[in-house]
Amino acid sequence: MIEIRNVAKWYGGVVALSGLTATIGRGLSSLLGPNGAGKSSLIRILCGLTPPSQGSVRVMGKDPRTSREIRKDIGLVPQQERLPPGVNALEFVAMAASLQGLPDPEGAARKAIETVELDPNDRRHLSSYSKGMRQRVKIAQAIVHGPRVLILDEPLNGLDPRQRSRMAQLFIRLGGEDRCVLVSSHVLEEVQELSSTVLVLAEGKLAAEGDFHAIRQLLDDRPHRIRLRSTDPLRLASGLMGSGTVSAVQTAGDNAIVIDTWTVSPFRRRLPRLTQELGVRLLEVAPLDDDLESVFRYLVARRSP
């Protein structure tokens, strides 16, 4: 459904994407990466809103930049909010339906608004809606014409837990209807809820791809650095080195040590029992490299030749 071939995008001296190649098929896929990874730049290219500086994209075999026909098969939920002032949800979504040439714009708009669990008879202007409600209106305008390719840029941002779960179920259902649904996110837990094929983007490069379980394994299968503060750091350091679960230990002041481990799960299981055996009380356990940006940087370095 989507073919990306050696795509690069730069703005002046800033490189947003670099040599990106991927194929995205039918069903639900997730584009995972930290803010600034290049997700929005890629989405703009896929929708024909901006050309790649290098390489090519094809959506259902056509160039979205030049094919007016394929644009009618794409639905987009942009990350940015530029909702028109002085209109309600029904007027806004019906306008999107009219632009797509639907024969009954208001009827299609009502159905789409109900699909995202909003009231099509609500006459309040969009400016009075909460962030979560505005997000759902954006989703409604993207699905109103039944697109074959649906691209959603951070669509779960601003939703409460119940709304997030309901919209995730909607994306899963749409992905099962012979469509290509691509959802971008910088939150690992959101992608986990979607249980989709995952493309990991970092520093403008494709860092990893596969089903969520494979990506989760990649994220865990890496060196971890953890700071431990305790009542007896030297005794704890000696015990950890003898446990076979750490590869290096160094003192860090303030009754703390910093450990490196490649086997984080066995280390976590062993640590409580070991401190009890040694008579040492843990005061703090703090991962030093567990943020997504550092994880993605590691994956990029691991993939690079």
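None of the values given here were measured: they were computed from a predicted structure. (Residues numbered from 1 in each chain as written. Predicted model: local features only at pLDDT ≥ 70, side-chain atom pairs only at ≥ 80, totals over all residues. Heavy atoms only, no water.)

S.K.: Can you break down the overall build of the protein chain residue by residue, with the values?
M.R.: For the protein chain, the count of helices and strands is 11 helices and 13 strands. In terms of its C-alpha atoms, the protein chain occupies a principal-axis envelope of roughly 75 × 45 × 35 Å. Burial statistics for the protein chain: of 305 residues in total, 48% are counted as buried. A sequence separation of at least 24 residues applies to 67% of the contacts in the protein chain between residues at least 6 apart. Entry remark: accessible area of the protein chain is about 14,600 Å², with carbon and sulfur atoms responsible for 48%. (Helix = DSSP H or I, 4+ residues; strand = E, 2+ residues; numbered from the N terminus. Buried < 20%, exposed > 50% of the residue type's maximum accessible area, 1.4 Å probe, protein only. Contact = heavy atoms within 4.5 Å. Areas by Shrake-Rupley, 256 points an atom, 1.4 Å probe, with all protein chains shown as cover.)

S.K.: Help me get a handle on the sheet that holds strand E8 (residues 197–202), residues and values and all.
M.R.: The six strands are arranged E5-E6-E7-E3-E8-E9 in an open sheet whose pairing can be described as mixed. Edge positions in the sheet fall to strand E5 (74–77) and strand E9 (205–211), since each of these pairs with one other strand and no more. Strand-to-strand twist across the sheet, computed as the mean angle between neighbouring axes with direction ignored, equals 15 degrees. Bridging between strand E3 (residues 27–32) and strand E7 (residues 180–185) involves six bridges; their strand directions are parallel. Pairing of Leu-32 across the sheet is with Ser-185, part of E7. Seen against the sheet, helix H1 (residues 39–46) touches E3, E5, strand E6 (149–153), E7 and E8 and runs at an angle of roughly 150 degrees to E6. (Pairing = 2+ DSSP bridges. Axes fitted to C-alpha atoms, helices over the stretch in contact; angles between N-to-C directions.)

S.K.: Just give me the short version of unusual backbone geometry, but keep the residues and values in it.
M.R.: Notably, Glu-117 is not glycine yet its phi reads approximately 65 degrees, a positive angle. Assignment of secondary structure puts Glu-117 in the loop between helix H4 (105–115) and helix H5 (131–143). Residue Glu-117 is classed as partly exposed on the basis of its relative accessible area of 30%. Despite not being glycine, Asn-255 shows a phi value in the positive range, around 60 degrees. Looking at where Asn-255 falls in the secondary structure, it is placed in the loop between strand E11 (248–253) and strand E12 (256–261).

S.K.: How would you sum up a positive patch on the surface? Please name residues and give values.
M.R.: A cluster of basic side chains, namely Arg-44, Arg-65, Arg-68, Arg-71 and Lys-72, defines a positive patch on the protein surface. Position of Arg-71 among the secondary structure elements: in helix H2 (residues 68–71). By relative accessible area, which is 39% here, Arg-71 ends up partly exposed. (Patch = residues over 30% accessible without salt bridge, like charges linked within 9 Å, V, L, I, M, F, W, Y side chains within 5 Å. Salt bridge = Lys/Arg side-chain N within 4 Å of Asp/Glu carboxyl O. Lys, Arg positive; Asp, Glu negative; His and termini not counted. Charge placed at Lys NZ, Arg CZ, Asp CG, Glu CD.)

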